[in-house]
Amino acid sequence: MCGGCRNRGRCRLGLGEITIIGDAAHAPVRCAPHFQAGPNVAHGGWTAAMFDDIIGRSLTQRGLRTVTGNLTVDFFNPVPVGEAMIVEVVTESRAGRRWTMQAMLRLERDPSPLARAIGVWVERREGHFERHEAAMRDYRAR
Ligand SMILES: CCCCCCCCCCCCCC(=O)SCCNC(=O)CCNC(=O)[C@H](O)C(C)(C)COP(=O)(O)OP(=O)(O)OC[C@H]1O[C@@H](n2cnc3c(N)ncnc32)[C@H](O)[C@@H]1OP(=O)(O)O
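Residues numbered from 1 in each chain as written. Predicted model: local features only at pLDDT ≥ 70, side-chain atom pairs only at ≥ 80, totals over all residues. Heavy atoms only, no water.

**Describing the site of the ligand**
Neighbouring residues of the ligand: 17 residues in total, closest Gly 69, Arg 97, Arg 98, Arg 125 and His 128. The separation between a nitrogen atom of the ligand and a polar main-chain atom of Gly 69 is 2.9 Å. Arg 97 places a polar side-chain atom, nitrogen or oxygen, 2.5 Å from an oxygen atom of the ligand. Relative to its unbound accessible area of 1200 Å², the ligand is 55% covered by the protein chains. Elements that contribute at least two residues to the shell around the ligand include exactly helix H1 (44–61), strand E3 (66–75), strand E6 (113–123) and helix H2 (128–141). Counting residues per element, the shell around the ligand draws most heavily on E3, which supplies five residues. Along the lines of polarity and charge, the residues of the shell around the ligand split into four nonpolar, six polar and seven charged. (Near = heavy atom within 4 Å. Polar contact = N/O pair within 3.5 Å; in protein donor to acceptor, adjacent residues only side chain to side chain. Areas by Shrake-Rupley, 256 points an atom, 1.4 Å probe, with all protein chains shown as cover. Helix = DSSP H or I, 4+ residues; strand = E, 2+ residues; numbered from the N terminus. Nonpolar A, V, L, I, M, F, W, Y, C, P; charged D, E, K, R; others polar.)

Structure, rendered in structure tokens:
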């Protein structure tokens, strides 16, 4: 679970357990009503955040310490609120610390994709968050 939800014990984005199969992964997801944009349609930001979290966590579960470098989302069809859906993640390629990942969102009982994400995750160098904290301390002291 991400740092924002860990203490609450539940994923507020509505993402379920991730199953890893080799270098692929899948997870059940359901968009909660508070992420509604149009009538019964998920906000595009929910879809992007959901992809970011599931891809990132799937890499974490594989023992990789990454951050999102970039993320592009294609929205093929409206994403329904409150419906059982599945996200399927595949590893496209790896070059050094860069992992290119792709994921698809679909309804549980329909193979047609509703949305697709493609992006690059970069393995963090040692001390990533400590450098960030130090930079912010310097900034706040200015
Ligand atoms: C946050 C995770 C915590 C874990 C919690 C549990 C799971 C929760 C899951 C939650 C999930 C939520 C997840 C989140 O929300 S993660 C939060 C959102 N993302 C960030 O905050 C990342 C901010 N950026 C950075 O910190 C640095 O720029 C990084 C670390 C990415 C690189 O800086 P660093 O100084 O280390 O490395 P480098 O500059 O030598 O580059 C190294 C290589 O990477 C390539 N590259 C660099 N940038 C990009 C880019 N934008 N697109 C494509 N490629 C890029 C670069 O060309 C080079 O390739 P090559 O030349 O070697 O081939």
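**Comments concerning the pairing of E6**
Sheet topology note: the E3/E6 ladder contains nine bridges and is antiparallel. The residue of E6 that forms the bridge with Phe 75 is Ala 115. Relative to E6, strand E5 (residues 98–107) is paired through nine bridges, and the arrangement is antiparallel. Across the sheet, residue Gln 102 finds its bridge partner in E6, namely Ile 118. Hairpin connection from E5 to E6: five residues lie between these consecutive antiparallel strands. (Pairing = 2+ DSSP bridges.)

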